[in-house]
Amino acid sequence: MIKYDVIIIGAGPAGIAAAIFAARGTLSVLVIDESAPAGGTVKNTYLVANYPGFPEPISGLDLTKRMFNQAKSFGAKFELAIEITDYNFKDDLKWIEVDNDEKFESENIIIATGISPRRLNLPGEQEFKGCGIHYCAACDGDFYSGKDIAVIGAGDTAMNESLVLLKYVNSITFIHHGFHNLRAEKCTVDQVMCHKNVAMIWNHESLKFERDGNKMIITAENLDTKEIVKIKRDALFIFVGMKPNSEWLKNSGIHIDERGYIPTDENCITNLKNVYAIGDIRVKKFNQITTAVADGTIAALEIIQKSSCSL
């Protein structure tokens, strides 16, 4: 059993910011994340153009790598590509067990597990995930340079991701269950739709996904005529929003709202003593890298202050 002053679960910008402040505040810090490298979903972002201090856009991977190196320089420890197998957050001294049978304990837990792309849960989706079906333009768009792809989604995420895809692909065909109604900001929609190689199939609901050689086949239904159509493209990208990564917390005792997000007070404290939630997993109005970093800062400073008062 290894004890730390703070254990942070999630190595995105929120978790790394908390690690920077806590470690610089002379606390012993462990950050756990099931993926590698560190960076959360931001590491897959093609370009970040609105992070303070970077007048020129920087890739999400480069930005989070700088954050990671900064946290390590202050002494924060990272356990990456490792899964939590058991935990207890209800007692004063909390503990976490991971899949290599190591066990860590701390009086302070910070949850920063963020959000992930939402799935449609249609037949064929899981089977062809990563092999014809994708959820990240920056990660997988260049695999389809000069190819013809389909996109499911009509919100801000879909439009922004499609702008990245248009740097690589020959054409995009959108499949949308609505009828001439896109939910994204008009300026982003205009940027996408002005491309001559962008087409929209309106009022169709996707039913299942199959492969035919190197092609993906999307079976969809015309919601007006009930006609079944098959749309063949080189790949399919699905952008239908995000979901909070909170399912693993269902037996933790932490209050989680009906959407899966964690309510906290203004200091990012949950209903459990010395358990914090920061970043996109927390209930709040705006999700940005800057707001995630702010949450991490607040939680770390709160713990530092409490630690100082207990001396």
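Details of the structure are given in the entry above.
Every chain is numbered on its own, with residues counted from 1 as its sequence reads. With pLDDT at 70 or above as the cut-off, local features in this predicted model cover only qualifying residues; side-chain atom pairs require 80 or more to be listed or tallied, and sums for whole chains, interfaces and linings still use all residues. The side-chain quantities take in all heavy atoms of the structure and omit both hydrogens and water.

Digging into the overall build of the protein
Helix and strand assignments follow DSSP, with helices taken as H or I runs no shorter than four residues and strands as E runs no shorter than two, numbered in order from the N terminus. Across its full length, the protein carries six helices and 19 strands. Its C-alpha radius of gyration of 21 Å places the protein within 12% of the 19 Å reference for a compact globule of 311 residues. Referenced to the eigenvectors of the C-alpha coordinate spread, the extents of the protein come out at roughly 70 × 45 × 35 Å. Buried positions account for 49% of the 311 residues belonging to the protein. Any two residues whose heavy atoms approach within 4.5 Å are treated as being in contact. For the protein, long-range pairs separated by at least 24 residues make up 58% of all intrachain contacts whose partners lie at least 6 apart in sequence. Residues scored as positive are Lys and Arg, those scored as negative are Asp and Glu, and His as well as the terminal groups of each chain are ignored. To locate a charge, the coordinates of NZ of Lys, CZ of Arg, CG of Asp or CD of Glu are taken. Positive and negative side-chain charges of the protein, numbering 33 and 40 respectively, have mean locations separated by a distance of 3 Å. A radius of gyration in this sense is built from C-alpha atoms; the matching globule rule multiplies 2.2 Å by the number of residues raised to 0.38. For every residue, the accessible area (1.4 Å probe, protein chains only) is compared with the maximum for its type, and the residue is labelled buried under 20%, exposed over 50%, or partly exposed between those bounds.

Quick notes on helix H4 (residues 156-165)
Every buried residue of H4 is listed here: Ala 158, Met 159, Ser 162, Val 164 and Leu 165. Tucked into the core, H4 has its buried residues touching helix H3 (137-140), strand E11 (148-152), strand E12 (171-175), helix H5 (186-193) and strand E17 (235-238).

Some details on the packing of helix H1 (residues 13-24) against helix H6 (residues 289-309)
Interaxial angles span 0 to 180 degrees and are taken between N-to-C directions of axes, which are lines fitted to C-alpha atoms, for helices over the stretch in contact. Their axes nearest at 7 Å, the elements H1 and H6 cross at an angle of 35°. Read as a crossing pair, H1 and H6 show a hand that is right-handed. Here Pro 13, Ala 14, Ala 17, Ala 18, Phe 21 and Ala 22 of H1 come into contact with H6, specifically with Ile 289, Ala 292, Val 293, Gly 296, Thr 297, Ala 300, Leu 301 and Ile 304. Considering only residue class, the contact of H1 with H6 consists of twelve nonpolar, two polar and no charged. Handedness of a crossing is defined here by the sense of rotation of the near helix relative to the far one, left-handed for an anticlockwise turn of less than a right angle and right-handed for a clockwise turn. Ten residues, namely Ala, Val, Leu, Ile, Met, Phe, Trp, Tyr, Cys and Pro, are considered nonpolar, four, namely Asp, Glu, Lys and Arg, are considered charged, and the remaining ones, Gly among them, are considered polar.

Regarding unusual backbone geometry
Omega for the bond connecting Ala 36 with Pro 37 falls within 30 degrees of zero, at 0°, which places this linkage in the cis form. Residue position: Pro 37 is located in the loop between strand E3 (29-33) and helix H2 (60-73). Non-glycine residue Asn 203 carries a positive phi angle of around 60°. Summarising the element assignment, Asn 203 is placed in the loop between strand E13 (198-201) and strand E14 (204-212). Its relative accessible area of 12% is what places Asn 203 among the buried residues.

Considering the nonpolar core
Counting 38 residues, the largest nonpolar core has Ile 8, Ile 16, Val 29, Phe 78, Ile 110, Ile 278 and Ile 289 as the members making the most contacts within it. Looking at this core, the elements that each hand over two or more residues are strand E2 (6-9), H1, E3, H2 and H6. If one sorts the elements of this core by residue count, H1 sits on top with eight residues. Excluding anything up to four places from it in sequence, Ile 16 contacts Ala 11, Ala 38, Gly 39, Thr 64, Met 67, Phe 68, Ala 71 and Phe 78. We define the nonpolar core as a collection of buried residues of types Ala, Val, Leu, Ile, Met, Phe, Trp, Tyr and Cys that are connected through side-chain atoms lying within 4.5 Å of one another. One finds Ile 149, Val 169, Ile 172 and Val 192 within the second-largest nonpolar core, a separate group that totals 23 residues.

Things to note about the packing of H1 against H2
One way to put it is that H1 packs onto H2 with a least axis distance of 9 Å and a crossing angle of 25°. One element, H1, and the other, H2, form an angle in the roughly parallel class. Seen along the crossing, H1 lies across H2 with a hand that is left-handed. Where H1 abuts H2, its residues Pro 13, Ile 16, Ala 19 and Ile 20 lie against Thr 64, Met 67, Phe 68, Gln 70 and Ala 71. Any angle that falls under 35 degrees is termed roughly parallel, while one over 145 is termed roughly antiparallel, one within 65 to 115 roughly perpendicular, and all others oblique.

Considering the packing of aromatic side chains
Note on ring pairs: Phe, Tyr and Trp rings are taken, using the six-membered ring of Trp, and paired if centres are within 6.5 Å. Classes follow the plane angle, with under 30 degrees stacked, over 60 edge-to-face and the rest tilted. Summed over all chains, the structure comprises eight aromatic pairs. Look at Tyr 87 and Trp 248: their rings are 5.5 Å apart centre to centre, the planes differ by 80°, and that puts the pair in the edge-to-face class. Of the two residues, Tyr 87 sits in strand E5 (residues 84-88) while Trp 248 sits in the loop between strand E18 (242-244) and strand E19 (275-277), which places them 161 residues apart along the sequence. Accessibility expressed as a relative area gives 18% for Tyr 87, which makes it buried. By relative accessible area, which is 26% here, Trp 248 ends up partly exposed. With centroids separated by 6.3 Å and ring planes inclined at 90°, the aromatic side chains of Phe 89 and Trp 248 adopt a geometry described as edge-to-face. A residue pair is termed long-range when its members are at least 10 positions apart, and Phe 89 in the loop between E5 and strand E6 (94-98) and Trp 248 in the loop between E18 and E19 qualify at 159 residues. Ring pairing ties together the aromatic residues Tyr 87, Phe 89 and Trp 248, which thus form one cluster. Each ring is checked for a lysine NZ or an arginine CZ that lies within 6 Å of its centre and within 35 degrees of its normal; such an atom marks a charge sitting over the ring. A cation sits over an aromatic face here: Lys 103 above Trp 95, 4.1 Å from the ring centre.

This is a description of form; function is not addressed.
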